[in-house]
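Descriptive structure summary
The residues making up each chain are set out below.
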Amino acid sequence: QVQLVESGGGLVQTGNSLRLSCAASGRSFGTYAMGWFRQAPGKEREFVAAIGRNDGRFTNYADSVKGRFTISRDNAKNTVYLQMNSLKPEDTAVYYCAAGVGGSSSRFLYDYDYWGQGTQVTVSS
């Protein structure tokens, strides 16, 4: 069992940056793939970024955030990060962290087994 707790959300202006963190409980954090997803009001949850197990050499990004967002992991701290730069109003959503037992940097929700409660990100224009 893995418990995930997101933090770092908030209200920022267009063009600014935020760094989200997701702290995981339990052992074997390094064996999980980690992903970030988001859900805006009235929309389905969508993929944002993912990082593979262990050294995290494999990453995957949604086209909408490629070049602006960076996912990384620190296995010693059981934490995954999402650095978000050049934020836009359309990035406004609740951001969820997820852990996948399969270990691959998948963009599909069904590949993730554990989910956090989410953190709100609001970008004002």
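The notes below deal with the structure included here. (Residues numbered from 1 in each chain as written. Predicted model: local features only at pLDDT ≥ 70, side-chain atom pairs only at ≥ 80, totals over all residues. Heavy atoms only, no water.)

1. Details of the overall build of the protein chain
We apply this condition: Numbering of helices and strands starts at the N terminus; helices are DSSP runs of H or I of at least 4 residues and strands are runs of E of at least 2. Atoms considered for the radius of gyration are the C-alpha atoms alone. The globule rule reads 2.2 Å times the number of residues to the power 0.38. Exposed residues in this analysis have more than 50% of their type's maximum accessible area, buried residues have under 20%, and partly exposed residues fall in between, with area computed by a 1.4 Å probe over protein chains only. Contact between two residues is taken to exist if any of their heavy atoms lie within 4.5 Å; hydrogens are not considered. Every accessible area reported is derived by Shrake-Rupley at a probe size of 1.4 Å, with residue values counting cover from the shown protein chains alone. For the charge count, each Lys or Arg is scored as positive and each Asp or Glu as negative, with His and the chain ends excluded. A charged residue contributes its charge at one atom only: NZ of Lys, CZ of Arg, CG of Asp or CD of Glu.
In terms of helices and strands, the protein chain carries 0 helices and 11 strands. Listing each helix as α and each strand as β along the protein chain from the N terminus yields β-β-β-β-β-β-β-β-β-β-β. A compact globule built from 125 residues would reach a C-alpha radius of gyration of about 14 Å, and the protein chain, at 13 Å, matches this within 12%. Principal axes of the C-alpha set define a box for the protein chain whose edges measure 40 × 25 × 25 Å. For the protein chain, the proportion of its 125 residues judged to be buried stands at 46%. Across the protein chain, the fraction of contacts at a sequence separation of at least 24, relative to all contacts at a separation of at least 6, is 58%. Surface exposure of the protein chain reaches about 6,400 Å², of which carbon and sulfur atoms provide 46%. The positive charge centre, built from 13 side chains, and the negative charge centre, built from 10, are 4 Å apart in the protein chain.

2. Considerations on the side chain of S21
Along the chain, S21 turns up in strand β3 (residues 18–24). Assessed through its relative accessible area of 17%, S21 is described here as buried. S21 has contacts with V5, E6, S7, W36, T79, V80 and Y81, leaving out every residue within four places of it along the chain.

3. Thoughts on the packing of aromatic side chains
As a reminder of what qualifies: Any two of the Phe, Tyr and Trp rings considered here, Trp counted by its six-membered ring, make a pair once their centres fall within 6.5 Å; the pair's planes then place it as stacked at under 30 degrees, edge-to-face at over 60, or tilted in between. For a lysine, the NZ atom is tested; for an arginine, the CZ atom; a charge sits over a ring if that atom is within 6 Å of the ring centre and within 35 degrees of the ring normal.
By the definition in use, this model includes 6 aromatic pairs. Their ring planes at 85 degrees and their centres at 6.2 Å tell us that Y32 and Y114 sit as a pair that is edge-to-face. Within this pair, whereas Y32 is found in the loop between β3 and β4 (33–39), its partner Y114 is found in strand β10 (residues 114–115), the two being separated by 82 residues in sequence. Both residues of the pair, Y32 and Y114, belong to the buried class. Within the aromatic cluster, the residues linked to one another by ring pairs are F37, F47, Y112 and W115. Geometry around Y96 places R45 over its ring, the cationic atom sitting 3.6 Å from the centre.

4. Quick look at the nonpolar core
Our working rule: Among buried residues, those of type Ala, Val, Leu, Ile, Met, Phe, Trp, Tyr and Cys that are joined through side-chain atoms within 4.5 Å constitute a nonpolar core.
Grouped together as the largest cluster of nonpolar side chains are 35 residues, with contacts concentrated most on L4, M34, W36, V80, L82, M84 and Y95. Those elements that provide at least two residues to this core are β3, β4, β5 (46–51), β7 (69–74), β8 (79–84), β9 (93–100) and β11 (119–124). Discounting residues that sit within four places of it in the chain, L82 has contacts with L18, R19, L20, W36, V48, A49, F69, T70, I71 and Y95.

5. Observations regarding the pattern of salt bridges
So the rule is basically this: Every case where a carboxyl oxygen of Asp or Glu lies within 4 Å of a side-chain nitrogen of Lys or Arg is listed as a salt bridge.
Summed over all chains, the structure comprises 5 salt bridges. Residues D91 and R68 are paired through a salt bridge, measuring 2.8 Å at the closest nitrogen-oxygen approach. In this pair, D91 is assigned in the loop between β8 and β9 and R68 in the loop between β6 (59–61) and β7, connecting sequence segments 23 residues apart. R68 shares its class with D91; the two are buried. Through salt bridges with shared partners, a single network forms among R38, E46, R68 and D91.

What is shown is where atoms sit, not what they do.
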